[in-house]
Amino acid sequence: MIRLYRCSSLPRRTLLLSALLCLTLAQTGQAQPGAPASELLQAWTAVADSQLQNPPAQDWLMWRRTFDLSGHSPLNEINRDNVAGLRQAWTVPLSSGGNMTTPLVHDGILFIADTGNVLRALDATNGNELWSYQHDSENFDGRRIGIALYGDRVIVPHNDMDVVALDVRSGAVVWEHSIRAPIENFSGAGYYSLRGAPVVADGMIIQGVGATIVPRGGFIVGLDLQT
């Protein structure tokens, strides 16, 4: 379940997601709240390196928001004095199963990796679904902590070892890459997984690969962002 709360004493543009992420929708260069899905998607502006290095206050562009993994939001419109006025603004049910994902937000669009290999793009002002993507896999392990945004793409890792780049405006697959495990045949119940959130830097996607009961443990791969 994903819930979004609004403080009754604050402007409509001030939001609190899961009582953890304070997200303010900027008034410049974005579609207005409640705008048609097509208008909101077309108003998307590409996420640049400079934004990842110094993210706008209203955005949450990577797993822990910044490269130093601070997990801190500079927004201050929700505080000790008015937090008691928070009221639920909207709610969207997610699929049952394990899930540790952090939603990302840019230009009023919220992206969240659901269980069952589903990626959802939602209007952050009302929870309306803009599009969804279903990854074709027999591995339905949804335990992953995050996705990544860059340019006009959302990068989504899956626990079948596939990394997929999607077009943010349509959800269409731009490319799909299967990470090859260094040890493919080993005895026991071990396995690899892509539970870690990808990081984008200097045209590269850096993806950690987890290993459970696997000789020599996990590893890290770098993927070309374009291909």
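As a reminder, the structure under discussion sits directly above these lines.
Conventions used here
- Residues numbered from 1 in each chain as written.
- Predicted model: local features only at pLDDT ≥ 70, side-chain atom pairs only at ≥ 80, totals over all residues.
- Heavy atoms only, no water.
- Helix = DSSP H or I, 4+ residues; strand = E, 2+ residues; numbered from the N terminus.
- Buried < 20%, exposed > 50% of the residue type's maximum accessible area, 1.4 Å probe, protein only.
- Contact = heavy atoms within 4.5 Å.
- Areas by Shrake-Rupley, 256 points an atom, 1.4 Å probe, with all protein chains shown as cover.
- Phe/Tyr/Trp six-rings, centres within 6.5 Å; stacked < 30°, edge-to-face > 60°.
- Polar contact = N/O pair within 3.5 Å; in protein donor to acceptor, adjacent residues only side chain to side chain.
- Core = buried A, V, L, I, M, F, W, Y, C linked by side-chain atoms within 4.5 Å.

Chemist: Any chance you could explain the overall build of the chain here in plain terms?
Modeler: Looking only at helices and strands, the chain features two helices and 16 strands. Within the chain, the fraction of its 227 residues that count as buried is 50%. Once local pairs closer than 6 in sequence are excluded, the contacts in the chain between residues at least 24 apart make up 53%. When the accessible surface of the chain is totalled, it reaches about 10800 Å², and 49% of it is carbon and sulfur.

Chemist: Explain the packing of aromatic side chains here, please?
Modeler: Here a ring pair, both rings aromatic, is described through the centre-centre distance and the interplanar angle of the planes. Per the counting criterion, the structure on display carries three aromatic pairs. Aromatic side chains Trp44 and Phe111 sit 5.7 Å apart centroid to centroid with 90 degrees between the ring planes, which places their arrangement in the edge-to-face category. Of this pair, Trp44 sits in the loop between α1 (37–42) and α2 (49–53) while Phe111 sits in strand β6 (residues 109–114); the two residues are 67 residues apart in sequence, bridging distant segments of the chain. When its relative accessible area of 4% is taken as the criterion, Trp44 is described as buried.

Chemist: Help me understand the side chain of Ser137 in this model?
Modeler: Looking at where Ser137 falls in the secondary structure, it is placed in the loop between β8 (129–134) and β9 (148–150). Ser137 gets classed as buried once you look at its relative accessible area, which sits at 14%. Reaching out from Ser137, the side chain makes a polar contact with the backbone nitrogen of Asn139 at a distance of 3.0 Å. For Ser137, the residues in contact, after removing those within four places along its chain, are Asn117 and Asp160.

Chemist: Looking at this structure, how should I read the nonpolar core?
Modeler: In globular proteins that are soluble, nonpolar side chains generally tend to be buried together. Among the nonpolar cores identified, the biggest contains 43 residues, and Phe111, Leu119 and Trp131 are the most heavily contacted of them. Excluding its chain neighbours within four sequence positions, the residues that come into contact with Trp131 are Leu41, Phe111, Leu119, Arg120, Ala121, Val154, Leu166, Asp167, Val168, Arg169, Ser170 and Gly171. Grouped together as the second largest cluster of nonpolar side chains are eight residues, Leu4, Val105, Ile112 and Ala124 included.

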